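Here is what each chain is made of, one letter per residue.
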Amino acid sequence: MSKISAAITAVGAYVPEYVLTNQILETMVDTNDEWITSRTGIKERRILKDEGKGTSYLAIKAAQDLINKKGIDPKIIELVIVATATPDMKAASTASYTASKIGATNAFSFDMDAACSSFLYGMSVAASYIESGRYKNVLLIGADKMSSIVNYKDRATCIIFGDGAGAVLFEPNSEGLGFQNEYLRSDGSGREFLQATYGGSSFPLTHETMDEGGHYAFQEGRTVFKNAVFNMADATVKILERNNLTKDDVDWLAAHQANKRIIDATAQRIDLEEHKVMMNIHKYGNTTSATLPLLLNDYESQLKKGDNLIFAAFGGGFNWGALYLKWAYNTGN
Ligand code: UT7
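Computed from a predicted model, the values in this text were never measured in an experiment.

> Quick rundown of the sheet that holds strand β12 (residues 308–315)? Include the residues and the values.
The four strands are arranged β8-β13-β12-β11 in an open sheet whose pairing can be described as mixed. The two strands at the open ends of the sheet, each matched to only one other strand, are β8 (178–186) and β11 (252–255). The mean inter-strand angle of the sheet, taken between neighbouring strand axes irrespective of direction, is 15°. The pairing of β12 with strand β13 (residues 319–326) spans eight bridges and is classified as antiparallel.

> Before we move on, can you summarise the sheet that holds strand β6 (residues 138–145) with the specific residues and values?
Spatial strand order, β1-β7-β6-β4-β5: five strands in an open sheet with mixed pairing. The open sheet has two edge strands with one neighbour each: β1 (5–14) and β5 (108–112). For this sheet the average axis-to-axis angle between neighbouring strands, irrespective of direction, equals 20°. One ladder, built from five bridges, connects strand β4 (residues 79–83) with β6; its direction is parallel. Each bridged residue has a counterpart across the sheet, and for V80 the counterpart in β6 is L139. Packed on one face of the sheet, helix α3 (residues 55–70) meets β1, β6 and β7 (163–173) and runs near 115° to β1. Sitting on the sheet, helix α4 (residues 94–101) touches β4, β5 and β6, and the angle it makes with β5 is about 135°.

> Just give me the short version of the site of the ligand, but keep the residues and values in it.
As a matter of local geometry, the ligand sits amid 23 residues, with T31, R39, R222, N259 and N286 nearest to it. At 2.7 Å, a side-chain N or O of T31 approaches a nitrogen atom of the ligand. One nitrogen or oxygen atom from the side chain of R261 is found 2.9 Å from an oxygen atom belonging to the ligand. For the ligand, whose free accessible area comes to 940 Å², the fraction covered by protein is 76%. Residue assignment for the shell around the ligand shows that the elements contributing at least two residues are α2 (33–40), α6 (155–158), α8 (221–242) and α9 (260–269). Here the shell around the ligand takes four residues from α8, the largest share from any one element. Class assignment of the residues belonging to the shell around the ligand gives a composition of 11 nonpolar, seven polar and five charged.

> Mind laying out the packing of aromatic side chains, listing which residues take part and the relevant values?
As enumerated under the stated definition, the model contains 11 aromatic pairs in all. Geometrically, the ring pair formed by F314 and F318 is tilted, given 4.9 Å between the ring centres and 45° between the ring planes. Its relative accessible area of 3% is what places F318 among the buried residues. An aromatic cluster of at least three residues, connected via ring pairs, comprises F108, F110, Y129 and Y135. A cation over an aromatic ring shows up here: K49 above the ring of Y18, its NZ or CZ 4.5 Å from the ring centre.

Calculation criteria
- Residues numbered from 1 in each chain as written.
- Predicted model: local features only at pLDDT ≥ 70, side-chain atom pairs only at ≥ 80, totals over all residues.
- Heavy atoms only, no water.
- Pairing = 2+ DSSP bridges.
- Helix = DSSP H or I, 4+ residues; strand = E, 2+ residues; numbered from the N terminus.
- Axes fitted to C-alpha atoms, helices over the stretch in contact; angles between N-to-C directions.
- Contact = heavy atoms within 4.5 Å.
- Near = heavy atom within 4 Å.
- Polar contact = N/O pair within 3.5 Å; in protein donor to acceptor, adjacent residues only side chain to side chain.
- Areas by Shrake-Rupley, 256 points an atom, 1.4 Å probe, with all protein chains shown as cover.
- Nonpolar A, V, L, I, M, F, W, Y, C, P; charged D, E, K, R; others polar.
- Phe/Tyr/Trp six-rings, centres within 6.5 Å; stacked < 30°, edge-to-face > 60°.
- Buried < 20%, exposed > 50% of the residue type's maximum accessible area, 1.4 Å probe, protein only.
- Lys NZ or Arg CZ within 6 Å of the ring centre and 35° of its normal.

As structure tokens, then:
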């Protein structure tokens, strides 16, 4: 009997309609389009403006897009994982609500948070469930409403983040396609450099901390940048070495979209040609858990069965890693 591998067999996505451009940000904080573009590569990002709508709204839309495109009955889905750093609520899981709303009534579900690496780690988890043979349809959604934890008075963070969601379906594959290998790491000493301090169990919200904006995400950008460049590039090199791949074997690099300079540095480290590097940071900014599936959605029509994809991510925690996956289908476009 051939070994079961875990393949991505469908992709879906959703971004909110409202476009927050660099020009609009110029009217909100002391910044300018030239600075943002040259330092980050970002031109605009999407923001979910509607009051009362949280991350689940984005996740549901992305999942519905996948379900419609693939033409599946949501009742076949056995597990729904929502990778997110901005769940709807503290106690009730966003994934449970999402699963019910999309009609995945036969599924169990849970949230996963590893900050910007949530989706990367989520791929590892989803693939493991499939490889175990216990489940045949696992829906992994990466969704974040970053605008809910961004301080629009802090120019060091508000220019970077955006809202969005993407979804992928994992299914068993008997041709050896799909998930191949991973290199995942964490270092908790990094948490002081990127965090939303108040509102968790260590430091519950108070009126005073709210007035001071302690519930918003803040980062020491330069330190995070250095660590991201080093670790994403290092993980990418390690995953190639572990699998005896050269850069010529790599068809696509799908790297977390936090800063174009970090992505470029990762690609340069393995000397990868620019046309193999997926890029959409200019349109969406850093959508945290949604960057990788949004890339897959944007590039889906160009991906061919058997293509070697290398994923890489780095985020708060710190958490980072790289993952090697063989693409499993042609879209026919
Ligand atoms: O997803 C994972 C988490 N996040 C990341 O991976 C983000 C990693 N960090 C970064 O992308 C970059 O560090 C930033 C984009 C946040 C900042 O870029 P930088 O090139 O590292 O700038 P910097 O923080 O070193 O600041 C350089 C200058 C400073 O002015 P002085 O001290 O040189 O006078 C800042 O005050 O740029 C200033 N600055 C700005 N100027 C205009 C900082 N933010 C802005 C801004 N507009 N928005």
